[in-house]
Amino acid sequence: MEEKLIQAYLYDFYGELLNVRQRNIYEDFYFNDLSLGEIAAEKGISRQGVHDSVKRSVRALESYEEKLHLVEKFLCIRDKVGKIQDLAGSCDGNNLETMKAEIRKISNEILEEL
């Protein structure tokens, strides 16, 4: 998965656990596409300070994911819901019982993950 997308998911799930300053710098770097120099000038700190803050934030978010696995569970559930939607969309009446059984199986897997 693309690095920016991974960081977006991590931030969506765990961003509130960062302090306000870390969140602002992280958002400017990843979401507002500002350079280290632009952020440094705006915040009145060095480029190295911005770099260090971004790296600390990334490590913190990744650490939360290693412990809680919320992003991993979300992506797995999203894939399973997609499978259910595909099954429902391909329903033609002939294989209704097979599809119902498969939908039950997938939904049970989702419930077990929650």
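Above this note sits the structure.
Residues numbered from 1 in each chain as written. Predicted model: local features only at pLDDT ≥ 70, side-chain atom pairs only at ≥ 80, totals over all residues. Heavy atoms only, no water.

**Student:** If you had to explain the environment of L61 to someone new, which residues and values would you point to?
**Tutor:** Tracing the chain through its elements places L61 in helix 4 (residues 47-68). For the pair L61 and L34, spaced 27 residues apart in sequence, the C-alpha to C-alpha distance is 20 Å. (Helix = DSSP H or I, 4+ residues; strand = E, 2+ residues; numbered from the N terminus.)

**Student:** Explain the pattern of salt bridges residue by residue, including any values.
**Tutor:** Under the definition given, this model contains five salt bridges. Here D28 ties to K43 by a salt bridge, and the two come within 3.7 Å at their closest N and O atoms. With D28 in helix 2 (residues 20-30) and K43 in helix 3 (residues 36-43), this residue pair connects regions lying 15 residues apart in the sequence. Judged by its relative accessible area of 8%, D28 is buried. By relative accessible area, K43 is classed as partly exposed at 25%. With a closest N to O distance of 3.5 Å, E42 and K43 form a salt bridge. When salt bridges that share partners are traced, they join D28, E42 and K43 into one network. (Salt bridge = Lys/Arg side-chain N within 4 Å of Asp/Glu carboxyl O. Buried < 20%, exposed > 50% of the residue type's maximum accessible area, 1.4 Å probe, protein only.)

**Student:** Which residues make up the packing of aromatic side chains, and what values go with them?
**Tutor:** Tallied over the entire structure, the rule returns nine aromatic pairs. On the basis of an interplanar angle of 50° and a centroid distance of 6.3 Å, the ring pair of F13 and Y14 is categorised as tilted. Arranged with centres 5.0 Å apart and planes meeting at 90°, the rings of F29 and Y30 form a pair that is edge-to-face. Given a relative accessible area of 27%, F29 falls into the partly exposed group. Using a relative accessible area of 13% as the deciding quantity, one classes Y30 as buried. These aromatic residues form a ring-pair network of at least three members: Y9, F13, Y14, Y64 and F74. (Phe/Tyr/Trp six-rings, centres within 6.5 Å; stacked < 30°, edge-to-face > 60°.)

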